[in-house]
Amino acid sequence: MAGGVVVNAAGGKEYPGRMTAFVFFTCLVASSGGLIFGYDIGISGGVTSMDSFLQEFFPSVYAQAEASKDANQYCKFNSQLLTLFTSSLYLAALATSFAAASVTRVFGRRWSMFCGGVTFLAGSALNGAATDVIMLILGRILLGVGVGFANQSVPLYLSEMAPAKLRGMLNIGFQLMTTIGILAANLINYATVGIPGGWGWRIGLGLAGVPALVITVGALALPDTPNSLIARGYREDARAVLVKIRGTDDVHDEYADMVAASEEAAAVERPWRNILEPRYRPQLTVAVLIPFFQQLTGINVIMFYAPVLFLTIGFGDDASLMSAVITGLVNMFATVVSIVTVDRLGRRALFLQGGTQMFVSQIVVGTLIALQFGTAGVGEMSKGNAMLLVLFICLYVAGFAWSWGPLGWLVPSEVFSLEVRSAGQSIAVCVNMTLTFIIGQAFLSMLCTLKFGLFYFFAGWMFVMTAFVALFLPETKGVAIEEMNLVWSQHWFWGRYVTVDGDGGSRRGNRRTTGV
């Protein structure tokens, strides 16, 4: 031990750092960026199950749903225009993620969050005042721009501000805020569905401006991360922020490593090309496959369309919205479990346990629906079977909420070196939004075509992704973000791409890596 720095089990440095009031405040405010993402996920599924909303904007879908009340339950809401309303946001977020990477790198993490809040605010106003489908979709596109900026910058901000030993817990604050947003939206849907005159959906869509205002104002109150400040030439400001967030003046070694990392990163002129080099192959693979797999868990089937799904399997209007509230509560409380355990049990343990639980739950849900509706999609679910179905959906949501939900954002944000970190996060967001768009757009058609087999389809992917984690994902808990190359160099498979030279595992030694 020298200068307050110790060597951890992975051979890398551990810098001083504890939970200070300042780091808690900054991470809490930054995490509020998850509110806009979660609120939109929850509100979309709710309003698309409201008769008054469908009658005004999608009358053909409403007529189809009414006509099929006693017919095929799998196909009653099948409409590409309806799913475009939901999934257009994610297409916009996908396109925005690349521009957001440049803003995040050149102007800083907090200004990228600010841009996200402002555009989401504009989108919520347009949606709440919409008079036709064009206004709705234009509003959704603005919402998507906001989500693209927030999802690109917030996980990076949290990973860079947090001490290594607390990085998992503080980063998962983003996912916790997402679940709070989902729950708030579900409660608002439940409270507004019965408003006389059928305009309750306007309240739900318009109230998206509240979480947008939180992150917009919050971003103005935040400092930028030390890494970003150093990269943009504000070194004294960076040192001052580092002292505040670490709660000690003994930051010389960590600050020196950040400066060295920034200088080497500045020499990288083409991060988008460099990220394709063999030495970044492990991180790039994880940044692509983790968000890819996250969406193929099928979670958005539940969260986007929970009210529609519960309506489809025989719940009444109010009962379907209340069931969505229940899953929202489970989602939020299970995320707290992840916050408490992620830096103790580690990322791999949560991935493996959650994946197994979700696999079993999807099999049971698919089987219950198969027994009730078969392939014809005709039938009525008994109260006992309906409650059993809700139970296993809740078990599925809980498994996601303490594993693939938060870790799908945490792991990609913490594994890259500084010189390609913004590019890497943009790729992760891009993959996430692409799959979210595809699943969101295709779900109702897939439900109509695959019927109960859709749940077996997602269960198959759960098996694949759990096996991937078991074989190819190293443990990253407690490793300083600038020391991450050590983890890859010691892995049984990825070690062939990443080697570490030099000084006992220091960050500067990690930078001298070569592709093998």
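Since we're looking at a predicted model, the values are computed, not measured.

**What about the overall build of the protein?**
Within the protein one finds 25 helices and two strands. Just so you have it, the protein exposes about 17600 Å², and 68% of that area is on carbon and sulfur atoms.

**Description of a nonpolar patch on the surface**
Taken together, the side chains of Phe 359, Val 360, Ile 363, Tyr 456, Phe 463 and Val 464 make up a nonpolar region of the molecular surface, amounting to roughly 490 Å² of accessible area. For the nonpolar patch, the elements supplying multiple residues, two or more each, are helix H19 (347–373) and helix H23 (453–472). Structurally, Tyr 456 can be placed in helix H23.

**Quick look at the nonpolar core**
If you look at the biggest cluster of nonpolar residues, it comprises 130 residues, and the most contacted ones within it are Phe 53, Phe 58, Trp 404 and Met 433. Per-element accounting of this core gives the leading share, 15 residues, to helix H22 (residues 418–450). Beyond its immediate stretch of four places on either side in the chain, Phe 58 contacts Phe 53, Leu 81, Leu 82, Phe 85, Val 133 and Leu 136.

**A look at the packing of helix H2 (residues 33–47) against helix H9 (residues 173–192)**
It is at 6 Å that the axes of H2 and H9 come closest, and there the two elements cross at 35 degrees. H2 and H9 meet at a crossing whose hand is right-handed. Across the interface between the two elements, Gly 33, Gly 34, Leu 35, Phe 37, Gly 38, Tyr 39, Ile 41, Gly 42, Ile 43, Gly 46 and Val 47 from H2 touch Phe 174, Met 177, Thr 178, Ile 180, Gly 181, Ile 182, Ala 185, Asn 186, Ile 188 and Asn 189 from H9. Of the residues in the contact of H2 with H9, the class split is 12 nonpolar, nine polar and no charged.

**A closer look at the environment of Thr 436**
Secondary-structure assignment places Thr 436 in helix H22. With a relative accessible area of 1%, Thr 436 lands in the buried category. In sequence terms Thr 436 and Leu 296 are 140 residues apart; their C-alpha atoms lie 8.8 Å from each other. Among the polar contacts made by the side chain of Thr 436, one reaches the side chain of Gln 295 at a distance of 3.2 Å.

**Focus on the pattern of salt bridges**
Under the criterion given, the structure shown has 10 salt bridges. The shortest N-O distance in the salt bridge between Glu 414 and Arg 167 comes to 2.7 Å. Taken as a pair, Glu 414 in helix H21 (residues 404–414) and Arg 167 in helix H8 (residues 167–171) lie far apart in primary sequence, 247 residues in all. Taking the relative accessible area as the measure of exposure, Arg 167 reaches 1% and is therefore buried. In this structure, the salt-bridge partner of Asp 343 is Arg 347, at a minimum N-O distance of 3.0 Å. Members of the salt-bridge network, linked through shared partners, are Arg 167, Asp 343, Arg 347 and Glu 414.

**A closer look at the packing of aromatic side chains**
Two aromatic rings, taken as a pair, are described by how far apart their centres are and by the angle between their planes. Counted by the stated rule, this structure contains 25 aromatic pairs. Across the ring face of Tyr 255, the terminal group of Arg 239 is positioned such that the distance to the ring centre comes to 4.1 Å. Against the face of Phe 22 rests Lys 244, its NZ or CZ located 4.1 Å from the ring centre.

**Some points on the environment of Ile 215**
Turning to its location among the elements, Ile 215 is positioned in helix H11 (residues 209–221). When the C-alpha atoms of Ile 215 and Phe 114 are compared, they prove to be 6.8 Å apart, with 101 residues separating the residues in sequence. When residues no more than four places from it in sequence are discounted, the contact partners of Ile 215 are Val 29, Ala 30, Ser 32, Gly 33, Ile 36, Met 113 and Gly 117.

**What to know about H2**
In this model, H2 (15 residues) spans 22 Å end to end at C-alpha, consistent with the 21 Å of a helix rising 1.5 Å per residue. Across the 15 residues that make up H2, a large majority, 15, are buried.

**Some remarks on the confidence of the model for the protein**
On average, the protein scores 81 in pLDDT, and the residues at 70 or more come to 84%. Here helix H25 (residues 507–511) is the element of the protein with the lowest mean pLDDT, 38, and H23 is the one with the highest, 94. The model gives residues 502–516 a pLDDT under 50, and that stretch makes 54 contacts with residues more than four places away or in other chains.

**Digging into the side chain of Asn 171**
Here Asn 171 lies in helix H8. Engagement of the side chain of Asn 171 in a polar contact is seen with the backbone oxygen of Pro 155, the distance being 3.2 Å. Polar side-chain contacts of Asn 171 include one of 2.8 Å to the side chain of Ser 159.

**Quick notes on the environment of Glu 263**
Relative to the elements of secondary structure, Glu 263 occurs in helix H14 (residues 252–266). Sequence-wise, Glu 263 and Glu 419 are 156 residues apart; in three dimensions their C-alpha atoms are separated by 9.1 Å.

**Looking at the packing of helix H6 (residues 109–128) against H11**
It is at 8 Å that the axes of H6 and H11 come closest, and there the two elements cross at 155 degrees. The pairing of H6 with H11 is recorded here as roughly antiparallel in orientation. Between H6 and H11 the crossing geometry is left-handed. Together, Arg 110, Trp 111, Met 113, Phe 114, Gly 117, Val 118, Phe 120, Leu 121 and Ser 124 of H6 and Gly 209, Ala 212, Leu 213, Ile 215, Thr 216, Ala 219 and Leu 220 of H11 make up the contact between the two elements. For the contact of H6 with H11, a count of residues per class yields 11 nonpolar, four polar and one charged.

**Looking at the side chain of Gln 357**
Mapped onto the elements, Gln 357 comes out in helix H19. Every residue in contact with Gln 357, bar those within four places of it in the chain, is listed here: Leu 395, Ala 398, Gly 399 and Trp 402.

Parameters at a glance
Throughout, residues of each chain are indexed from 1 in the direction in which the sequence is written. Predicted model: local features are reported for residues with pLDDT of at least 70 only, side-chain atom pairs are reported and counted for 80 or more only, and whole-chain, interface and lining totals are derived from all residues. Calculated side-chain values reflect all of the structure's heavy atoms, with hydrogen atoms and water omitted. Helix and strand assignments follow DSSP, with helices taken as H or I runs no shorter than four residues and strands as E runs no shorter than two, numbered in order from the N terminus. Only the protein chains shown count as cover for residues, with accessible areas throughout obtained via the Shrake-Rupley method and a probe of 1.4 Å. Like-charged residues within 9 Å of one another, or nonpolar side chains (Val, Leu, Ile, Met, Phe, Trp, Tyr) within 5 Å, are grouped into patches, provided each residue has over 30% relative accessible area and no salt bridge. One speaks of a salt bridge when a side-chain nitrogen belonging to Lys or Arg is within 4 Å of a carboxyl oxygen belonging to Asp or Glu. For the purposes of this section, nonpolar cores are sets of buried Ala, Val, Leu, Ile, Met, Phe, Trp, Tyr and Cys residues that join through side-chain atoms within 4.5 Å. With a 1.4 Å probe rolled over the protein chains alone, any residue whose accessible area is under 20% of its type maximum counts as buried; one over 50% counts as exposed, and the rest are partly exposed. Whether two residues touch is decided by their heavy atoms; if any such pair falls within 4.5 Å, the residues are in contact. Axis lines are fitted to C-alpha atoms, over the contacting stretch for helices. Their N-to-C directions set the angle, which ranges from 0 to 180 degrees. Two helices that cross are described as forming a left-handed crossing if the nearer one is turned anticlockwise from the farther one by less than a right angle, and a right-handed crossing if clockwise. Think of it as three bins: nonpolar holds Ala, Val, Leu, Ile, Met, Phe, Trp, Tyr, Cys and Pro, charged holds Asp, Glu, Lys and Arg, and polar takes everything else, Gly as well. What qualifies as a polar contact is a pair of N or O atoms within 3.5 Å, subject to a donor-acceptor requirement within protein and to the restriction that residues adjacent in sequence count only when both atoms come from side chains. Between the rings of Phe, Tyr and Trp (Trp by its six-membered ring), a pair exists once the centres lie within 6.5 Å; its type follows the angle of the planes, with under 30 degrees stacked, over 60 edge-to-face, and the other angles tilted. Whether a charge sits over a ring depends on NZ of Lys or CZ of Arg being within 6 Å of the ring centre and within 35 degrees of the ring normal. To estimate the expected span of a helix, subtract one from its residue number and multiply by 1.5 Å. For every residue, the pLDDT score states the predictor's confidence, bounded by 0 at the bottom and 100 at the top. Comment on the angle field: the value is read as roughly parallel under 35 degrees, roughly antiparallel over 145, roughly perpendicular from 65 to 115, and oblique elsewhere.

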